[in-house]
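Survey of secondary and tertiary structure
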Amino acid sequence: MSNIFCKVTDQIAFVTLSNPGKLNALDVSMWTELREQFNILSLNEDLRCIILNGADGNFAAGADIEEFATVRNNISNGMFYHNNTVALALQAISDCRHPVIAAIEGICVGGGLEIACSCDIRISTPTARFGIPVNRLGFPLAPEELRGLIELTGKAVALEIVLEGRVFDALEAKDKGLLHRLSDNVPDEALTTALRIAKGAPMAARINKQLVKRLTASSAPLSEDEAHQVFAFLESNDYREGVASFLGKRSPQFTGK
Amino acid sequence: MSNIFCKVTDQIAFVTLSNPGKLNALDVSMWTELREQFNILSLNEDLRCIILNGADGNFAAGADIEEFATVRNNISNGMFYHNNTVALALQAISDCRHPVIAAIEGICVGGGLEIACSCDIRISTPTARFGIPVNRLGFPLAPEELRGLIELTGKAVALEIVLEGRVFDALEAKDKGLLHRLSDNVPDEALTTALRIAKGAPMAARINKQLVKRLTASSAPLSEDEAHQVFAFLESNDYREGVASFLGKRSPQFTGK
Amino acid sequence: MSNIFCKVTDQIAFVTLSNPGKLNALDVSMWTELREQFNILSLNEDLRCIILNGADGNFAAGADIEEFATVRNNISNGMFYHNNTVALALQAISDCRHPVIAAIEGICVGGGLEIACSCDIRISTPTARFGIPVNRLGFPLAPEELRGLIELTGKAVALEIVLEGRVFDALEAKDKGLLHRLSDNVPDEALTTALRIAKGAPMAARINKQLVKRLTASSAPLSEDEAHQVFAFLESNDYREGVASFLGKRSPQFTGK
């Protein structure tokens, strides 16, 4: 069963994404639980740092595509899915008062990469795999999720990632600005980093995190009209073809309609 | 004769900068034709990707300096040259609904680099040469052209490039954020990339491209007063000396006047 | 005695940070003199470039912590210290009409790194050391100083630097976007670069520098309320503990209060 596991030790909390047999792909219940867990951890005054990882050797494979037929198949429920379910979970991580470290192994694509991008520090094994191949599924990246990517990589690399939809290795991910460092022992390096952060003054960490966010507040959010246009693809043939071909394990035939 | 060649195959278009004997330096007729070609290609619903390159082993050497005595020798025609002739061509590339790949070999400096910066993905041979050595010609980079550079490299590297005016190799250009990747076979790698992009849903590519642009809209355009000040150099002694010394193949003597 | 030395040659000025026995840590008199020297140099029409370095093999170790008990021990004098003493000195460097090169050797941390970040080009020995370990002293980075860091490294790396408070080497500093280039002979490379800049038209350099600044003007300055909150740490126990433990050469015991 899909789950978000949470273990709190003395000053460090461990949050683990788990969806056995699906490379920890996130379904709606996981997005919701992720948000709730981070909201609770944020209030814990004793914490100094949170480590976020995935179960069984993978970070996360993205959203659970099988759910799309019910939770994201028209403009109205698609906007709710992205603006509420996904965006609020990502925001709970980036708004969390404690520093959050993503400890990445295995697959880290789509929604998994978006979760990593919402953390403050990203550490990965050299063998992990990254990318946002949603163009093959017939859809663009949702605006607020794209914004999180651009904030890390800049405009040019973000464009390359979404236009090509290529899956690439950790060395390229580091070069693209997606990772802070590589390590052959990610759990160890993540813990060492968390303990290093825990040695600083907690108030300094919180203010530093808030200030960086405040000073990098970027362009205005989309207007309702803009958002409607951007999500109109949800009622296109190519979107349905993309998801159907993925679930049917065949190549999509896109027509531009 | 100077020209912009355009060849449309099935789903991929090839646009080629050509000015034989001048390293494909762009004169006014080429800037104008470049804009028109991209405006036409943008309307072609069958296209999936455009590859932009230069003829005869070079991308482009910048603007055609010989024209400056007539098309850019006072504030009034200089502002028209930059805000209309050049800026509208660059904008036609970045506004084009289809993804655009710059396939770079040989010389890619000044206006040539600006054209490359307007594309979505930049692929180069290791032997190509980059830079914006216009300070040696007695003038600063025009504001909207500088903005395109900053969006790729950030503030610090953009400053280095324009203040030093150094010409550097492709490895350094990659390190500076100007290139996505190097390849010993640029035509092949560009085509492979174009075909990879063509496999995604066209609507996803278009929305992704528009959204990245929307979410990175940066500082306000210059006011008329600001622009006038910035282009006032066009009536300075150092500007005339810079262009004259370049055409006369001698070192400029700048005085700060 | 602490000092800012200034030597003007033909077209190049050399400014040197000096505080013997304190790794050139900056006290209030040095911040003030730094501002005054750059204001004077900015008016010198004959100059083409300024090289800023540190005496005796180090750039600068940051602010002089021993002064904090008198000049920065409550919200009111702390805000004056940062918004006037420090910020105006950094601004005098970045607003200086001439290009400024930081020539970095040895220690370049805290306020020293902030000074380097205010320069236009940063050249360093491979053996120099970088970082902002102020979290160990019980305080966050001041907002306008954090902004200068973010403008060079982006959001993700700035967060890593202030949250971890780690001191790192020049290779990592280059990888993080803090440096333009490494050299085994920094004085030589800085002078070569200054002379290269001096070969361009002075008006081009000044307009390029101003334009980059104009086009990268980022988020609004903090409101008075925001600033007050951000500086409230100055009256916390952890801040006093951080400074006291540093001066007493012992480990701090932080409580989050």
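Below or above, wherever it landed, is the structure these notes cover. Note that the coordinates shown come from a computational prediction; the quantities given were computed from them, not determined experimentally. (Residues numbered from 1 in each chain as written. Chains lettered and ligands numbered in written order. Predicted model: local features only at pLDDT ≥ 70, side-chain atom pairs only at ≥ 80, totals over all residues.)

1. Points about the overall build of chain A
When helices and strands are counted, chain A shows 10 helices and 9 strands. On C-alpha atoms alone, chain A measures out to a radius of gyration of 18 Å, which is about the 18 Å that the 2.2 N^0.38 rule sets for 257 residues. Dimensions of chain A, computed from C-alpha atoms along their principal axes, come out at roughly 55 × 35 × 35 Å. Looking at the 257 residues of chain A, the share that counts as buried comes to 54%. (Helix = DSSP H or I, 4+ residues; strand = E, 2+ residues; numbered from the N terminus. Rg over C-alpha atoms; globule rule 2.2 N^0.38 Å. Buried ≥ 20, exposed ≤ 12 C-beta atoms within 10 Å, placed from the backbone.)

2. Observations concerning the interface of chain C and chain A
Tallying the contact residues gives 31 residues for chain C and 26 residues for chain A. For the side of chain C that touches chain A, the elements supplying multiple residues, two or more each, are helix 5 (143–164) and helix 10 (237–247) of chain C. No other element matches the 13 residues that helix 5 of chain C contributes to the side of chain C that touches chain A. A per-class count over the side of chain C that touches chain A returns 15 nonpolar, 9 polar and 7 charged. (Contact = placed C-beta atoms within 7 Å. Nonpolar A, V, L, I, M, F, W, Y, C, P; charged D, E, K, R; others polar.)

3. Describing the relation of the copies chain C and chain A
At an RMSD of 0.0 Å, chain C and chain A line up after a rotation of 120° and a shift of 0.0 Å along the axis. Considering both components of the superposition, the chain copies are consistent with a three-fold axis. (Least-squares fit on C-alpha atoms with pLDDT ≥ 70 in both.)

4. Quick notes on the interface of chain C and chain B
Taken residue by residue, the interface counts 26 residues in chain C and 31 residues in chain B. Elements that contribute at least two residues to the side of chain C that touches chain B include exactly helix 5, helix 7 (186–198) and helix 8 (202–215) of chain C. For the side of chain C that touches chain B, the leading source of residues is helix 8 of chain C, giving 10 residues. Here the residues of the side of chain C that touches chain B are counted per class, giving 14 nonpolar, 6 polar and 6 charged.

5. Quick look at helix 4 (residues 111–118) of chain A
Structurally, the α-helix is built with 3.6 residues per turn, so residues lying three or four positions apart point the same way. All names here are of chain A. For helix 4, the buried fraction is high: 8 of the 8 residues fall into the buried class. Of the residues making up helix 4, those classed as buried are Gly 111, Gly 112, Leu 113, Glu 114, Ile 115, Ala 116, Cys 117 and Ser 118. Elements in contact with the buried residues of helix 4: helix 3 (75–95), strand 4 (100–104), strand 5 (107–109), strand 6 (121–124), strand 7 (129–131) and helix 5 (143–164).

6. Focus on the environment of Asp10(B)
Residue position: Asp10(B) is located in the loop between strand 1 (3–8) and strand 2 (12–18). Along the backbone, Asp10(B) and Leu47(B) are 37 residues apart, and their C-alpha atoms lie at a distance of 7.4 Å.

7. Concerning the sheet that holds strand 4 of chain A
All names here are of chain A. Overall, mixed pairing links the 6 strands, which are arranged 1-2-3-4-6-9 in an open sheet. A strand with exactly one partner marks an edge of an open sheet, and here the two such strands are strand 1 (3–8) and strand 9 (181–182). Pairing geometry for strand 2 (residues 12–18) and strand 3 (residues 49–54), over 6 bridges, is parallel. If you follow Val 15 over to strand 3, its bridge partner there is Leu 52. (Pairing = 2+ DSSP bridges.)

8. Side note on the packing of helix 1 (residues 28–43) of chain C against helix 3 (residues 75–95) of chain C
All names here are of chain C. Across the interface, helix 1 lies against helix 3 with an axial gap of 8 Å and an inter-helix angle of 30°. With respect to helix 3, the axis of helix 1 lies roughly parallel. Considering the relative orientation of helix 1 and helix 3, their crossing is left-handed. Along its contact with helix 1, which presents Val 28, Trp 31, Thr 32, Leu 34, Arg 35, Phe 38 and Asn 39, the element helix 3 presents Thr 85, Val 86, Leu 88, Ala 89, Ala 92 and Ile 93. (Axes fitted to C-alpha atoms, helices over the stretch in contact; angles between N-to-C directions. Parallel < 35°, antiparallel > 145°, perpendicular 65-115°, else oblique. Left-handed = near helix turned anticlockwise from the far one by under 90°.)

9. What about helix 10 (residues 237–247) of chain B?
Those residues of helix 10 of chain B lying buried are Asp238(B), Tyr239(B), Gly242(B) and Val243(B). Buried residues along helix 10 of chain B cover an arc of 130° about the axis, so they all sit on one side. (Arc of directions from axis to C-beta.)

10. Regarding the sheet that holds strand 1 of chain B
Residue and element names in this part refer to chain B. Taken together, 6 strands build an open sheet; the order of strands is 1-2-3-4-6-9 and the sheet is mixed. If you trace the sheet from one side to the other, it starts and ends with strand 1 and strand 9 (181–182), each paired once. Strand direction decides the pairing type here: strand 4 (residues 100–104) and strand 6 (residues 121–124), joined by 4 bridges, are parallel. Its bridge partner being in strand 6, Ile 101 is matched across the sheet by Ile 121. Sheet strands in contact with helix 1 (residues 28–43) are strand 1, strand 2 and strand 3 (49–54), and its direction is about 20° off that of strand 1. Helix-sheet contacts for helix 7 (residues 186–198) involve strand 2, strand 3, strand 4 and strand 6, and the interaxial angle to strand 4 is about 170°.

11. Considering the environment of Val157(A)
Residue and element names in this part refer to chain A. Positionally, Val 157 belongs in helix 5. Through-space distance from the C-alpha of Val 157 to that of Ile 101 is 23 Å; in sequence the pair is 56 residues apart. What Val 157 contacts, discounting residues up to four positions off in sequence, is Lys 176 and Gly 177.

12. Considerations on the pairing of strand 4 of chain A
Where a strand is regular, its side chains alternate between the two sheet faces. Residues and elements named next belong to chain A. Judged by how many residues are buried, strand 4 sits mostly within the fold: 5 of 5 residues are covered. By the alternation rule, side chains of strand 4 split into Val 100, Ala 102 and Ile 104 and Ile 101 and Ala 103, which are all buried. Two strands pair when backbone bridges link them, and strand 3 and strand 4 are joined in this way by 3 bridges, in the parallel orientation. Within strand 4, the residue paired with Leu 52 across the bridge is Ala 102.

13. Quick notes on the packing of helix 5 (residues 143–164) of chain B against helix 8 of chain C
Helix 8 of chain C packs onto helix 5 of chain B with a crossing angle of 115° between their chain directions and a minimal axis gap of 9 Å. The angle between helix 5 of chain B and helix 8 of chain C falls in the class roughly perpendicular. In this structure, helix 5 of chain B meets helix 8 of chain C at a crossing whose hand is left-handed. In this structure, helix 5 of chain B uses Pro143(B), Leu146(B), Arg147(B), Ile150(B), Lys155(B), Ala158(B), Leu159(B), Val162(B) and Leu163(B) to contact helix 8 of chain C, whose residues at the interface are Ala205(C), Asn208(C), Lys209(C), Leu211(C), Val212(C) and Leu215(C). Considered class by class, the residues forming the contact of helix 5 of chain B with helix 8 of chain C number 11 nonpolar, 1 polar and 3 charged.

14. Examining the nonpolar core
Counting residues in each nonpolar core, the largest one holds 264 residues, and the members touching the most others are Ile101(A), Ile101(B) and Ile101(C). Residues in contact with Ile101(B), not counting those within four places in the same chain, are Cys49(B), Ile51(B), Leu52(B), Cys119(B), Asp120(B), Ile121(B), Ile123(B), Ala190(B), Thr193(B) and Ala194(B). (Core = buried A, V, L, I, M, F, W, Y, C linked by C-beta atoms within 7 Å.)

15. Topic: the environment of Phe139(B)
Mapped onto the secondary structure, Phe139(B) falls in the loop between strand 7 (129–131) and helix 5. For Phe139(B) and Ile51(B), which are 88 residues apart along the polypeptide, the C-alpha to C-alpha distance reads 31 Å. Setting aside anything within four residues of it in sequence, one finds Phe139(B) in contact with Val134(B), Phe233(B), Tyr239(B), Gly242(B), Ala201(C) and Ala204(C).

16. As for unusual backbone geometry
The phi dihedral of Lys249(A) falls on the positive side, at around 55°, and the residue is not glycine. Relative to the assigned elements, Lys249(A) resides in the segment after helix 10 (237–247). We classify Lys249(A) as exposed; it has 6 C-beta atoms within 10 Å. Despite not being glycine, Leu23(C) has its phi angle at roughly 50°, a positive value. Along the polypeptide, Leu23(C) turns up in the loop between strand 2 (12–18) and helix 1.

No statement about biological role is implied by the geometric values presented.
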